[in-house]
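# Structure at a glance
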Amino acid sequence: SARRNALNCATPEDYNDNNCLDVNPFGGCNDEVCEQQVCALRPSCCNRGNLIGEWTMECVKLAQSNCELSGLNTCYQAVKTPGCNDPNCEEIVCESDKFCCNQQWDSSCVELASQKFDQCTKNWPRQVNSCFEADPFLRPRCKNDPVCQSIVCSLRPECCNVAYDGECV
């Protein structure tokens, strides 16, 4: 499997700086409080005794919605902290709903960002992720490989309609 191949190439030391928003084949993340919160919800995300966990995209999503990771959330994920990591989109959304920047970036803020997607994305860096890596801004689709993208999107339409995340890779 792909995971087994990745484990053959990597060691836990390769992931020492792994933040809670990065996929990690060895489990856990570098924010101890967040790791404990996520592992309480999904033990398979973490290392326990002889069990080696895997910090999957599901673990990342649990971290985004349950941890105080200020400023790290994309504008298309609900989290418990205010604001998002795209200042342009944050400003556009917060003009409509101050709660998003003063209290919490909740599902209504995500909905506003989605409704204003064209305005929100105009200052983003050019999308360059291959079909073998998630887009860091969780934009839909991958670049430079239309055949691979077509295959991925036929198997997982949300990868081309919602976000090209770790589940698409």
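Residues numbered from 1 in each chain as written. Predicted model: local features only at pLDDT ≥ 70, side-chain atom pairs only at ≥ 80, totals over all residues. Heavy atoms only, no water.

Before going further, it helps to spend a moment on the packing of helix 4 (residues 87-96) against helix 6 (residues 107-115). At a minimum axis separation of 9 Å, helix 4 and helix 6 run at an interaxial angle of 115°. By the criterion of interaxial angle, the relationship of helix 4 to helix 6 is roughly perpendicular. You can see that helix 4 and helix 6 cross each other, and the crossing is right-handed. On helix 6, the residues touching C89, V93 and S96 of helix 4 are C109, L112 and A113. (Axes fitted to C-alpha atoms, helices over the stretch in contact; angles between N-to-C directions. Helix = DSSP H or I, 4+ residues; strand = E, 2+ residues; numbered from the N terminus. Parallel < 35°, antiparallel > 145°, perpendicular 65-115°, else oblique. Left-handed = near helix turned anticlockwise from the far one by under 90°. Contact = heavy atoms within 4.5 Å.)

Here the focus is the confidence of the model for the protein chain. In this model, the protein chain carries a mean pLDDT of 76, and residues with pLDDT of at least 70 account for 80%. Considering each helix and strand of the protein chain separately, the mean pLDDT is smallest for helix 1 (residues 2-9), with a value of 40, and largest for helix 5 (residues 99-102), with 92. Predicted confidence for residues 1-10 stays below pLDDT 50, and this span has nine contacts to residues more than four positions away or in other chains. (pLDDT = per-residue confidence, 0-100.)

Next up on the list: the nonpolar core. Of all hydrophobic cores here, the largest spans 15 residues; its most connected members are C20, C34, V38, C45, W55 and A63. Looking at this core, the elements with two or more residues in it are helix 2 (32-41) and helix 3 (57-66). The element best represented in this core is helix 3, accounting for five residues. When residues no more than four places from it in sequence are discounted, the contact partners of V38 are C45, W55, C59, L62, A63 and C67. Counting residues in each nonpolar core, the second largest holds 14 residues, with C94, C100, C109 and A113 among its members. (Core = buried A, V, L, I, M, F, W, Y, C linked by side-chain atoms within 4.5 Å. Buried < 20%, exposed > 50% of the residue type's maximum accessible area, 1.4 Å probe, protein only.)

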